[in-house]
Amino acid sequence: MIYILTGAIRSGKTTTLFNWCKNRQDVDGLLCPDNSVGKRFFLKIPSEVEVALEVGTDVETEKIIQIGSFRFLKSAFDKANNYLLSIASNNPNTYIIIDEIGKLELKNDGLHESAEQLISKFQLDEKHHVILVVRDYLLDAVLEHYAISEYSVIKNEDLKRDYF
C-alpha cells in the first residue's frame, strides 16, 4: 500500500514522521530534515545515520544536482537510492519512508530510481507500506508520474493521532 504524507512547504511533515518513527520497530527508510544551520541531510531510519546532502558553492559543478537555489551532492542521492533499494529487496519492516518525492524526482533524478521500484513493488502489497512525503502542490504530478492508482493521502494530524 502507498501512503502519501502531503502538506505545504515547511509544515512539519519530516518532523512529524521523525517523532512517529521514534519508538517503532517496524519502520525503515530515509528522512530529509535540516540540520542546525539549515542544511538538508538524509537520515537513515532506524539507525539515525546521517548522510550529507546539501552543499555550499565550493563543490565542483559536475558533483552536484541543483534545483532552484538548492545544491545537492549527487553522491548522497546515489547512497540514498542504494540504501532504499537494499530495503526493497530485504526488509521485514512494515513501513518504508521516502522523504521526499519532489521536483527532482519528477525529472527522473534525485530519489527517482528507488521511488519507482518501491512504488511498483509495494503498491498492491497489503503487508508492506511505502510512505511518500510529497508537497501538496505536487501531489497530482507525482501520482501521474509514478502511475500510482492505489493510495491513501495522510496528513501530519493522522500520524499524531496514530493513524496506523
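What you see is a predicted model; the values in this text were computed from it and never measured.

Cut-offs and rules
Per chain, the residues get numbers from 1 upward, laid out in the order the sequence is written. Owing to the predicted nature of the model, reporting of local features is limited to residues with pLDDT of at least 70; listing and counting of side-chain atom pairs is limited to 80 or more, with chain, interface and lining totals taken over all residues. Side-chain numbers here rest on the full set of heavy atoms in the structure, without hydrogens or water. Axes, fitted as lines to C-alpha atoms, cover a helix only where it is in contact. Angles between the N-to-C directions of the axes lie from 0 to 180 degrees. Secondary structure elements are taken from DSSP: a helix is a run of H or I of four residues or more, a strand is a run of E of two residues or more, and numbering for both begins at the N terminus. An angle below 35 degrees is read as roughly parallel, one above 145 as roughly antiparallel, one from 65 to 115 as roughly perpendicular, and any other as oblique. Definitions for this section: a left-handed crossing has its near helix turned counterclockwise from the far helix by less than a right angle. A right-handed crossing has that turn clockwise. When checking whether two residues touch, look at their non-hydrogen atoms; a contact exists if any pair is within 4.5 Å. Polar here means any residue outside two lists: the nonpolar Ala, Val, Leu, Ile, Met, Phe, Trp, Tyr, Cys and Pro, and the charged Asp, Glu, Lys and Arg; Gly therefore counts as polar. Confidence scores labelled pLDDT are given residue by residue by the predictor and lie between 0 and 100. For Phe, Tyr and Trp, rings pair up if their centres lie within 6.5 Å, where Trp contributes its six-membered ring, and each pair is then called stacked (planes under 30 degrees apart), edge-to-face (over 60) or tilted (otherwise). Throughout this description, buried means an accessible area under 20% of the type-specific maximum (1.4 Å probe, protein chains only), exposed means over 50%, and partly exposed covers the range between.

Trainee: In this structure, what is going on with the packing of helix 2 (residues 74–89) against helix 4 (residues 112–122)? I would like to understand it.
Mentor: Two numbers describe a pair of packed helices, the interaxial angle and the distance between the axes. Two numbers describe how helix 2 lies on helix 4: the axes approach to 8 Å, and their chain directions differ by 15°. Considering their axes alone, helix 2 and helix 4 lie roughly parallel with respect to each other. For the pair helix 2 and helix 4, the crossing hand works out as left-handed. Counted together, Asn 81, Leu 84, Leu 85, Ala 88 and Ser 89 of helix 2 and His 112, Glu 113, Ser 114, Gln 117, Leu 118, Lys 121 and Phe 122 of helix 4 form the full contact between these two elements. Of the residues that constitute the contact of helix 2 with helix 4, the class distribution is 5 nonpolar, 5 polar and 2 charged.

Trainee: For this particular structure, what's the right way to read the confidence of the model for the chain?
Mentor: For any part of a model where pLDDT is low, the fine detail of the predicted coordinates should not be relied upon. Per-residue confidence for the chain gives a mean pLDDT of 89, with 95% of residues at or over 70. Within the chain, strand 4 (residues 50–52) has the poorest average pLDDT of any element, 77, and helix 5 (residues 139–145) the best, 98.

Trainee: When you look at the packing of aromatic side chains in this model, what are you seeing that I'm missing?
Mentor: In this description, an aromatic ring pair is defined by two values, namely the gap between the centres and the angle between the planes. Counting across every chain of the model gives 3 aromatic pairs. Measuring from ring centre to ring centre gives 5.4 Å for Trp 20 and Tyr 95, while their planes differ by 80°; the resulting arrangement is edge-to-face. Here Tyr 95 lies in strand 7 (residues 95–101) and Trp 20 lies in helix 1 (residues 13–21), a separation of 75 residues in the sequence. Classification of Trp 20 as buried rests on a relative accessible area of 8%. With 5.6 Å between their ring centres and 80° between their planes, Phe 42 and Phe 77 make a pair best called edge-to-face. Taken together, the residues Phe 42 in strand 3 (residues 41–45) and Phe 77 in helix 2 connect sequence positions 35 residues apart. With respect to burial, Phe 42 and Phe 77 carry one shared label: buried.

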